[in-house]
Amino acid sequence: MGIQSVGIIGAGTMGNGIAQACAVSGLNVVMVDINEAAVAKGLSTIAGSLDRLIKKEKMTEAEKASALSRIKTSTNYQDFTGSQMVIEAATENYDLKIKILKQLDGIVSKDTIIASNTSSISITQMAAEVSNPQRFIGMHFFNPVPMMTLVEIIRGLQTDDQTHALVQEMSKVLGKEPITVKNAPGFVVNRILVPMINEAFFVLAEGLATPEDIDAGMKLGCNHPIGPLALADMIGLDTCLAIMEVYFKNFNDSKYRPCPLLREMVAAGYLGRKSGKGVYSYN
């Protein structure tokens, strides 16, 4: 038997998306966040997402009810004691993630797989902070999780073969197509994608074209389904900036220098869709 029960830390965009994917696939889920309001919002988002699938005739009311019945919400990490795997999906901040992992490490069993949904932080470095680093792995989902088929599985230096095999199998149970990558800043997809987004901000800052024309150019000329600036708004400008800062620090290469305009927009609170304003307005 593979993984049947999954704990998820974080009920935000990524956390609730992972929870939905797991529950729809028949896995039992415990979704934990810092307060009741956060987990209630996460569960409401899942319910709304399932309603849209019903309208598209891709799901029935009975299937929705069944999926929701498999999701337990909590504000207490103690509820992870029965989970075979726990996925950390907190904000892309190293210190916060380590604080969470240390707290979790004292609760789950030595056989529990701990995965991080980080998009840029070293899996090897985080694994060194838990008591069973061989059971630690990166599992990078893409937004929106229920729709995107890719999962990057990142092996740290310590990750053992059994852990890797179980996570590969679990990814396929979720209907995803996993790729396995080595541990390096940004892994594979974001290593290519986020510097492209950063360059789009340099192009915007230099006034070479409007945001609409920059995005249209990449959609029509490169066959991208969404332009880089609109994608940045979807990801979150703060997340894009955090990833670029990780690259700049770890590679010590000026080609990863975050665009000053991106920094300024984050400082202004223009974070994209989640704040109602980024490159574009969503109010």
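Refer to the preceding data block for the structure.
Residue numbers run consecutively from 1 along every chain, following the written order of its sequence. This being a predicted model, a pLDDT of at least 70 is required before a residue's local features are given, and a value of 80 or more before pairs of side-chain atoms are given or counted; all residues contribute to the totals for chains, interfaces and linings. Processing note: side-chain calculations cover all non-hydrogen atoms of the structure and skip hydrogens and water entirely.

Draft legend 1. View of the sheet that holds strand β3 (residues 71-74). The sheet built from 8 strands is open, its strands ordered β3-β2-β1-β4-β5-β6-β7-β8 with mixed pairing. Edge positions in the open sheet fall to β3 and β8 (177-182), since each of these has one partner strand only. Pairs of neighbouring strands in the sheet enclose a mean axial angle of 25°, with direction left out of account. Strand pairing follows a simple DSSP-based rule, namely that at least 2 bridges must link the two strands. By definition, any uninterrupted DSSP run of H or I lasting at least four residues is a helix, any uninterrupted run of E lasting at least two residues is a strand, and each is numbered from the N terminus. Direction of pairing for strand β2 (residues 28-32) relative to β3: parallel, over a ladder of 4 bridges. Its bridge partner lying in β3, Val 30 is registered against Lys 72. The sheet contacts of helix α4 (residues 94-105) involve β1 (5-9), β4 (85-88), β5 (113-116) and β6 (136-141), and relative to β4 the element is tilted by about 160°. Across the sheet, helix α6 (residues 161-173) lies against β1, β4, β5, β6, β7 (150-155) and β8, angled at about 175° from β7, the strand it touches most. Only C-alpha atoms enter the line fits that serve as axes; for helices the fit covers just the stretch in contact. Angles between N-to-C directions range over 0 to 180 degrees. Contacts are assigned to residue pairs with any non-hydrogen atoms lying within 4.5 Å of each other.

Draft legend 2. Region of the structure containing the packing of helix α10 (residues 237-251) against helix α11 (residues 260-267). Contact geometry of α10 with α11 gives a least axis separation of 9 Å together with a crossing angle of 135°. Judged by the inter-axis angle, α10 sits oblique to α11. At the point where α10 passes α11, the crossing takes the left-handed sense. Where α10 approaches α11, its residues Leu 237, Asp 238, Cys 240, Leu 241 and Glu 245 are matched on the opposing element by Leu 262, Arg 263, Met 265 and Val 266. If an angle is under 35 degrees, it is roughly parallel; if it is over 145, roughly antiparallel; if it lies from 65 to 115, roughly perpendicular; otherwise it is oblique. For a crossing to be left-handed, the near helix must be turned anticlockwise from the far one by less than a right angle; the clockwise case is right-handed.

Draft legend 3. Summary view of the packing of aromatic side chains. Stacked, edge-to-face and tilted are the three classes for Phe, Tyr and Trp ring pairs, Trp counted by its six-membered ring, which pair at centre distances within 6.5 Å; planes under 30 degrees apart are stacked, over 60 edge-to-face, the rest tilted. This model, assessed by the stated rule, comprises 4 aromatic pairs. Summarising the aromatic geometry, the rings of Tyr 247 and Tyr 256 are spaced 5.6 Å apart at their centres and angled 70° between planes, so their arrangement reads as edge-to-face. An identical accessibility class is assigned to Tyr 247 and Tyr 256; each is buried. What links up through ring pairs into an aromatic cluster is the set Tyr 247, Phe 251 and Tyr 256. The cationic tip of Lys 277 hangs over the ring face of Tyr 270; the distance from NZ or CZ to the ring centre is 5.1 Å. Under the scheme applied here, a residue whose accessible area is under 20% of the maximum for its type counts as buried, over 50% as exposed, and between as partly exposed, the area being computed with a 1.4 Å probe on protein chains only. Any Lys NZ or Arg CZ found within 6 Å of a ring centre and within 35 degrees of that ring's normal is scored as a charge over the ring.

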